[in-house]
Amino acid sequence: MSPHSSLSGFVQALPKTETHLHIEGALPYELLTAWRPDVYPLHPFFRRRDYRYASFPDFERILLEHALPWFTSAERYYEAAKAIFAKHVAQNVRYVETSFHLPVSGFIKTPGPEIVAAIRAAAPADLEVRVFAGMLRSDYAGPLQATIDDLHNWEALAGVDLHGFEIMPTEAWTAPLWARLRVAGKVTKCHAGEFDGAHRVREAIEQLGVTRIQHGVHAIEDPAVVALARDRGVTFDMCPISNVGLRVVPSMKEHPIRRLLQAGVRCTVSTDDPLCFANTVNEEYLTLANELDFTRAELAQVARNGWEVAEVPAAVKQKALAEIGLLLAE
């Protein structure tokens, strides 16, 4: 019997990617408990699979209460990233795109280029890692303006991501900056269609020019936006377990990922903030199978989608896609 005959064996054997991961939100909880067991109990309430956050601000408060005490230096980023990437390798994840929040007074104070270098240094030889700078929609109006204007000079930076509470408006500075960064060879992303409607997905595609939407869940509410994403070759980097935990969708059964895939939108799956959701990449795939009845062919297509957008040499991409094909043929 093939070791891949079980569903879990098949998911493990798939060469996978993770393309939507916040490094601060991926801090392995066991690092906190080992560091301060008096402060961080083994099984906090918010990491239960049945826990639902009351709101995005409630989620953000819990995340920051746990992440900020840890991320005080480049060394701490390195230590966390090393543990995070070891988990990826153990799950046969071979490519990761992770973002960090741009440092600002009163928040994370380590210089951004040092953070990028620390994360990249933590990547093992068998894992390709790309690092993105994340920022809030309001950050350019504050002390981060000079930092943001200099991002095109950060050679080791793969790209940028507009994240945070989506109810905030997308300000006028964003579109010209995103365009300049693409000219400089950076990948531009935007969180959209998570806590606001399909019109924010349209805005991200048409006004910001992105082809990488983080989440995109509410695009399903407007067939014209779904068609726009399909026709423009836009990828939705989706996080189903996060979407349920944050009440973006009422339940996993109601998640629109299959409908989006069937409509021709390229969708990937990732964990988003496993510090807060206690999820893994393998669990995301298994959840699609167990709760949304994804077939092995559908799971394989999700894995292929990740490799289609991965910034890797063509030979690396083709090797992973060939492995997926062989798994399906067994």
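Refer to the structure presented above.
Presented here is an overview of the structure given in this document. (Residues numbered from 1 in each chain as written. Predicted model: local features only at pLDDT ≥ 70, side-chain atom pairs only at ≥ 80, totals over all residues. Heavy atoms only, no water.)

**Considerations on the pattern of salt bridges**
Tallied over the full model, the rule gives 19 salt bridges. With a shortest N-O distance of 3.4 Å, D38 and R36 are connected by a salt bridge. On the accessibility criterion, R36 (34% relative accessible area) is partly exposed. The partner of R61 in a salt bridge is D58, with the nearest N and O atoms 2.7 Å apart. With R61 and D58 both in helix α3 (residues 56-67), this residue pair falls three residues apart, about one helical turn. What makes D58 buried here is its relative accessible area of 13%. Each of E97, K189, R212 and D237 takes part in one network of salt bridges that share partners. (Salt bridge = Lys/Arg side-chain N within 4 Å of Asp/Glu carboxyl O. Buried < 20%, exposed > 50% of the residue type's maximum accessible area, 1.4 Å probe, protein only. Helix = DSSP H or I, 4+ residues; strand = E, 2+ residues; numbered from the N terminus.)

**Comments concerning helix α4 (residues 74-90)**
Compared with the 24 Å implied by 1.5 Å per residue over 17 residues, the 24 Å span of α4 between its first and last C-alpha is a close match. The set of residues buried in α4 consists of A74, R76, Y77, A80, A81, I84, F85 and H88. Buried residues of α4, seen end-on, are gathered within an arc of 155 degrees and therefore sit on one face of the element. Among the exposed residues of α4, those pointing more than 90 degrees away from its buried face are E75 and A90. Where the residues of α4 are buried, they touch β1 (16-22), α2 (29-35), β2 (93-101), α5 (112-121), β3 (128-136) and α13 (281-292). (Expected span 1.5 Å × (residues − 1). Arc of directions from axis to C-beta. Contact = heavy atoms within 4.5 Å.)

**Looking at the packing of helix α8 (residues 198-206) against helix α9 (residues 223-231)**
Their axes nearest at 9 Å, the elements α8 and α9 cross at an angle of 30 degrees. One way to sum up the angle between α8 and α9 is to call them roughly parallel. Crossing handedness for the pair α8 and α9: left-handed. Of α9, the residues touching α8 (which contributes A198, V201, R202, I205 and E206) are A224, V225, L228 and A229. (Axes fitted to C-alpha atoms, helices over the stretch in contact; angles between N-to-C directions. Parallel < 35°, antiparallel > 145°, perpendicular 65-115°, else oblique. Left-handed = near helix turned anticlockwise from the far one by under 90°.)

**Digging into helix α15 (residues 314-329)**
The terminal C-alpha atoms of α15 lie 23 Å apart, and with 16 residues this matches the ideal 22 Å at 1.5 Å per residue to within 8%. Along α15, the residues classified as buried are K317, A320, I324 and L327. Burial along α15 is one-sided: seen end-on, the buried residues are contained in an arc of 90 degrees. Away from its buried face, by an angle of more than 90 degrees, α15 presents the exposed residues A314, A315, K319, L326 and A329. Turning to α15, the residues buried within the fold contact α1 (7-13) and α14 (296-309).

**Brief notes about the environment of K16**
Along the chain, K16 falls in strand β1. Between the C-alpha atoms of K16 and Q91, which are 75 residues apart in sequence, the distance is 8.2 Å. Apart from residues lying up to four places away in sequence, K16 is in contact with V11, Q91, N92, V93, R94, Y95, V281, N282, Y285 and W307. Of note is the side chain of K16, whose polar atom sits 3.4 Å from the backbone oxygen of Q12. (Polar contact = N/O pair within 3.5 Å; in protein donor to acceptor, adjacent residues only side chain to side chain.)

Take it as geometry only, folks, not as evidence of what the structure does.
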